[in-house]
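So you can see what is in the structure, the chains are spelled out below.
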Amino acid sequence: MKNEEFYVPYIEGSLGMRTKRTLKRFVFIALFLLILGALLFSYFQNTFKNSTFELTKSTEITGVYHESPYPMLRVQIDENTYKNIILLGFGKMGAHPFLKKIRKEAITLNGKTLKIEGNLIYYNGKTLLQITDDEKVIMINSSITKLPKSKAISQMSFQGEIIDPKCYFGVMKPGFGKIHRSCAVRCISGGVPPILATSDTNNISQYFLITDMNGKPINNDILPFIGKPSEITGIVEQLEDWYILKINMESFQLISEKSNIYD
Amino acid sequence: MGLNYQFVLWNKHKKMYDKIIVLSMLLYLILFAVVTLVFNSETSIETLILRAFGSLAIVLLHIILVIGPLSRLNTNFLPILYNRRHLGVSMFITALIHGGFALIQFHALGNTNVFYSLFTSNLDYNSFTNFPFQVLGFFALLILFAMASTSHDFFLKNLSPTVWKRLHMLVYLAYALIIGHVFLGAFQQETSPFTIGFLSVGFIVVGSLHLISSFREAKIDKSIIDKDAQGWLKVCTIDEIDDDRAKIFTVQNERIAVFKYDGKLSAVHNVCKHQGGPLGEGKIIDGCITCPWHGYQYLPHNGQSPPPFTEKVATYELKLLENIIYINPKAFEEGTEVEPTQIQKT
């Protein structure tokens, strides 16, 4: 049967019955596909971690400042129990630009007691603090508190992924992997400490602050390896609640397996 | 057809079309948000926005891309084609929210310019799986911006239909870039077979419909036409053309529409001056060839739009011998008057 219908936009009544039927069918099918797309793309997302970033809530933390080698605040949480909180700057920056002002009050900050107001970031037992205003970094006690030294454990190899802790522990979801690589590169090149996140077969995670063999910060050399499954060999040291992994960049190997931290 | 430019020439159907677009997009975004918050409540609002708008944009792009071939295969789909640009602009806005938000989320507030960061934060340009997928999305967004910002008859006229059409054909490059963006980006980490399968089926449907409609048109282009001693081409018999309709023939790489109307025959170049619509699939209405895409009109005997409109198409000479139509392949200048060939009543 020939289709005599001919729709002209400006001619009233030119939309024929067969055309109307076709259009209705098209709209229903398109709507069905749209709904199906919304359901599939939303339901089949990897599960997000229950990490937290207190963007709108400020918290005051008092502790002893140290650089081991990245800025941290050592806070006593119980008798003989301490937690080292990693300090970060606003946006994709490390803490140093926000400590410039307080540095004018003392030649060295290491061992001094500071009170800092900022936004907490926490996940899996680790805590970080974002400083947004250098006026909110106050020296409480200028006498120097003796800090514990890190203890050497042994040379070990780990498989995992270099992440930026700010995003991984709360600011972004997901804060790891290829989707997030550009952001992690920006953060670590901005001074956020690089961390190796590993996960064993029982899904128990360990985190290692990465330094060079002399224990100095290593930010720029590590940029090409961020967000990629890697195997790294280095000397493990423990500083209370943090592990430090001292590495030679030559020991860095990219691996083809999926990183366990994706699970 | 219009002489003056207005932002949108509203009519009843356009309003209905746009309502359906807006409500469907809202439905998608609400559904995406509700399902995510119910089943994966630890999401962040930023990720929710990025993923809802990004996935909506790609679903919309698939719907946009099937409209063209569906309209070529079945003219009942033409009213959707008529208003496709509104769907295109809506898709661009959706993609812009996704792209703009991603640029801020992943590159802003750092130690360098966001655009410099976009191109340099991942330098694995020589790797397939590690390729900086965000760059692909950025270039796709630039193309979509160029298309959306020129989606108006003002630009169509001022850029010239040929340039405008070429610019808008870049949608296929944008589609390829977006497919690369998703498969080398999100799908490297979000590996559900359901979402990858959904998009793969979409790609196959878009590709198949384009191939089927192209094969059908290629048949017209490849049909062999006999020549007579004077070089006129034998195209068909009178009975093969319905009244007030046309048949399309390809002569020397140009498509020509031969119309039968009021006991007469006329031939014009098949391509409408507005958006390149196939005039030969049109109809004679009020004595004028009427383009099936947007209703632009031309007088069959001279290829000119009726006054006060000024569009013109090339015309061709026909002759009729024993019910067989012959065409002179040499085109006249656009808008040249050609005496219609009279059909003798038997």
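So, the overall build of chain A
Stage number 1. Scanning chain A for helices and strands turns up four helices and 13 strands.
Stage number 2. Since a compact globule built from 263 residues should have a radius of gyration of about 18 Å, the 26 Å found for chain A marks it as more spread out than a globular shape.
Stage number 3. Based on the C-alpha atoms only, the size of chain A along its principal axes is roughly 95 × 45 × 35 Å.
Stage number 4. Of all 263 residues assigned to chain A, the portion counted as buried reaches 53%.
Stage number 5. Pairs at least 24 apart in sequence give 71% of the contacts found in chain A among residues at least 6 apart.
Stage number 6. Accessible surface for chain A amounts to roughly 12,400 Å². Of this, 53% is attributable to carbon and sulfur atoms.
Stage number 7. Charged side chains in chain A number 31 positive and 25 negative. The centres of these two groups are separated by 5 Å.

Focus: the sheet that holds strand E6 (residues 283–285) of chain B
Pairing between the strands of a sheet comes from backbone hydrogen bonds, and it takes one of two forms, parallel or antiparallel.
Residues and elements named next belong to chain B.
Stage number 1. The strand order E6-E7-E8 describes an open sheet built from three strands, whose pairing is antiparallel. The outermost strands of the open sheet, each flanked by one partner alone, are E6 and strand E8 (297–298).
Stage number 2. Relative to E8, strand E7 (residues 288–290) runs antiparallel, the two being bridged by two bridges. By the bridge assignment, Thr290 is partnered in E8 with Gln297.

Notes on a nonpolar patch on the surface
Stage number 1. On the surface, A:Tyr43, B:Val22, B:Leu23, B:Leu26, B:Ile30, B:Val34, B:Val38 and B:Phe39 cluster together to form a nonpolar patch covering roughly 810 Å² of accessible area.
Stage number 2. Sort the elements by how many residues they give to the nonpolar patch and helix H1 (residues 12–39) of chain B lands first, with seven residues.
Stage number 3. Mapped onto the elements, B:Phe39 comes out in helix H1.
Stage number 4. Given the relative accessible area of 54%, B:Phe39 is considered exposed.

Things to note about the environment of A:Leu31
Stage number 1. Structurally, A:Leu31 can be placed in helix H1 (residues 17–43).
Stage number 2. Among the residues examined, A:Leu31 registers a relative accessible area of 25% and is labelled partly exposed.
Stage number 3. Residue contacts for A:Leu31: discarding those within four places in its chain leaves B:Ser24 and B:Leu27.

Looking at unusual backbone geometry
Stage number 1. A cis amide bond, omega -5°, links A:Ser68 with the succeeding residue A:Pro69.
Stage number 2. With respect to the helices, strands and loops of the structure, A:Pro69 is situated in the loop between strand E2 (59–67) and strand E3 (71–78).
Stage number 3. Going from B:Pro307 to B:Pro308, the amide bond is cis rather than trans, its omega being 10°.
Stage number 4. Considering the arrangement of structural elements, one finds B:Pro308 in the loop between E8 and strand E9 (315–316).
Stage number 5. Here the phi dihedral of B:Ser160 falls at roughly 85°; this positive angle occurs in a residue that is not glycine.
Stage number 6. Tracing the sequence through the fold places B:Ser160 in the loop between helix H7 (153–159) and helix H8 (161–169).
Stage number 7. According to the relative accessible area criterion, B:Ser160 is partly exposed, its value standing at 25%.
Stage number 8. In this structure, B:Asn323 takes a positive phi of about 70° despite not being glycine.
Stage number 9. Inspection of the secondary structure assignment puts B:Asn323 in the loop between strand E10 (318–321) and strand E11 (324–327).

Thoughts on the confidence of the model for chain A
As a note on interpretation, predicted positions should not be read in detail where pLDDT is low.
Stage number 1. Averaged over chain A, the pLDDT score is 93; the fraction of residues at 70 or greater is 96%.
Stage number 2. When mean pLDDT is taken per element in chain A, strand E6 (residues 126–130) of chain A scores highest with 98 and strand E13 (residues 253–254) of chain A scores lowest with 90.

Comments concerning helix H9 (residues 171–183) of chain B
Stage number 1. Relative to the 18 Å expected for 13 residues at 1.5 Å per residue, H9(B) spans 18 Å between its end C-alpha atoms, a close match to the ideal helical length.
Stage number 2. When we look at burial in H9(B), the residues that qualify are B:Val171, B:Ala174, B:Tyr175, B:Leu177, B:Ile178, B:Ile179, B:Gly180, B:His181 and B:Val182.

Let's talk about the side chain of B:Asp228
Residues and elements named next belong to chain B.
Stage number 1. Mapped onto the fold, Asp228 is located in the loop between strand E1 (226–227) and strand E2 (233–237).
Stage number 2. A distance of 3.0 Å separates polar atoms of two side chains, one belonging to Asp228 and the other to Lys319.
Stage number 3. Setting aside anything within four residues of it in sequence, one finds Asp228 in contact with Lys319 and Tyr326.

Description of the interface of chain B and chain A
Stage number 1. Across the boundary between the two partners, chain B contributes 77 residues, which contact 60 residues of chain A.
Stage number 2. Buried area between chain B and chain A, summed over both chains or domains, comes out near 5,900 Å², and the portion from carbon and sulfur atoms is 62%.
Stage number 3. Two residues, B:Asp124 and A:Lys228, come together in a salt bridge whose shortest N-O distance is 2.5 Å.
Stage number 4. At the junction of chain B with chain A, the criterion picks out 27 residue pairs in polar contact (both at pLDDT 80 or more).

Points about the sheet that holds E11(B)
All names here are of chain B.
Stage number 1. Pairing in this open sheet of four strands is antiparallel, and the strands run E1-E2-E11-E10 from one edge to the other. One side of each edge strand has no neighbouring strand; the edge strands of this open sheet are E1 and E10.
Stage number 2. Pairing of E2 with E11 involves four bridges; the strand directions are antiparallel. Across the sheet, residue Cys236 finds its bridge partner in E11, namely Ile325.

Points about the pattern of salt bridges
All names here are of chain B.
Stage number 1. With the rule as written, the count across this model stands at 16 salt bridges over all chains.
Stage number 2. Across the salt bridge formed by Glu190 and Arg51, the nearest N and O atoms sit 3.2 Å from each other. Of this pair, Glu190 sits in the loop between helix H10 (186–189) and helix H11 (193–222) while Arg51 is found in helix H2 (residues 45–73), placing the two residues 139 residues apart along the sequence.
Stage number 3. Overall, the relative accessible area of 17% leaves Arg51 in the buried class.
Stage number 4. Salt bridges here are not isolated pairs; linked through shared partners, they connect Arg72, Glu217 and Arg255.

Considering the confidence of the model for chain B
Stage number 1. Summarising the model, chain B shows a mean pLDDT of 92, and 96% of its residues fall at 70 or more.
Stage number 2. For this predicted complex, the interface score ipTM comes out at 0.93, alongside a pTM of 0.90.

Quick word on the nonpolar core
Stage number 1. One finds A:Phe26, B:Tyr28 and B:Met91 to be the most contacted residues of the largest nonpolar core, which totals 76 residues.
Stage number 2. At 15 residues, H2(B) tops the list of elements feeding residues into this core.
Stage number 3. Two domains each provide a minimum of three residues to this core, namely domain 1 (12–220) and domain 2 (227–342) of chain B.
Stage number 4. Beyond its immediate sequence surroundings of up to four residues, B:Tyr28 is in contact with A:Leu34, A:Gly37, A:Ala38, A:Phe41, B:Ala52, B:Ser55, B:Leu56 and B:Val59.
Stage number 5. Within the second largest apolar cluster, 46 residues are counted, among which are A:Ile163, A:Phe176, A:Ile179 and A:Ile195.

Some remarks on the domain arrangement of chain A
Residues and elements named next belong to chain A.
Stage number 1. Here chain A is partitioned into domain 1 (52–141) and domain 2 (151–262).
Stage number 2. One C-alpha centre belongs to domain 1, the other to domain 2, and the line joining them spans 21 Å.
Stage number 3. Per-residue buried area on domain 1 facing domain 2 is highest for Tyr70, Lys92 and Lys126; these three make up 33% of the total on that side.
Stage number 4. Where domain 1 packs against domain 2, one counts one salt bridge.
Stage number 5. The shortest N-O distance in the salt bridge between Glu240 and Arg74 comes to 2.6 Å.
Stage number 6. The interface formed by domain 1 and domain 2 contains 12 residue pairs in polar contact (both at pLDDT 80 or more).
Stage number 7. Breaking the side of domain 1 that touches domain 2 down by element, the ones donating at least two residues are strand E1 (52–53), E3, strand E4 (81–88), strand E5 (113–123) and E6.
Stage number 8. Per-element accounting of the side of domain 1 that touches domain 2 gives the leading share, five residues, to E4.
Stage number 9. Looking at the side of domain 1 that touches domain 2, its residues break down into 13 nonpolar, nine polar and four charged.

Scoring rules and cut-offs
Residues numbered from 1 in each chain as written. Chains lettered and ligands numbered in written order. Predicted model: local features only at pLDDT ≥ 70, side-chain atom pairs only at ≥ 80, totals over all residues. Heavy atoms only, no water. Helix = DSSP H or I, 4+ residues; strand = E, 2+ residues; numbered from the N terminus. Rg over C-alpha atoms; globule rule 2.2 N^0.38 Å. Buried < 20%, exposed > 50% of the residue type's maximum accessible area, 1.4 Å probe, protein only. Contact = heavy atoms within 4.5 Å. Areas by Shrake-Rupley, 256 points an atom, 1.4 Å probe, with all protein chains shown as cover. Lys, Arg positive; Asp, Glu negative; His and termini not counted. Charge placed at Lys NZ, Arg CZ, Asp CG, Glu CD. Pairing = 2+ DSSP bridges. Patch = residues over 30% accessible without salt bridge, like charges linked within 9 Å, V, L, I, M, F, W, Y side chains within 5 Å. Salt bridge = Lys/Arg side-chain N within 4 Å of Asp/Glu carboxyl O. pLDDT = per-residue confidence, 0-100. Expected span 1.5 Å × (residues − 1). Polar contact = N/O pair within 3.5 Å; in protein donor to acceptor, adjacent residues only side chain to side chain. Buried area = accessible area lost by both parts, 1.4 Å probe. Core = buried A, V, L, I, M, F, W, Y, C linked by side-chain atoms within 4.5 Å. Domains from an automatic or database assignment. Nonpolar A, V, L, I, M, F, W, Y, C, P; charged D, E, K, R; others polar.

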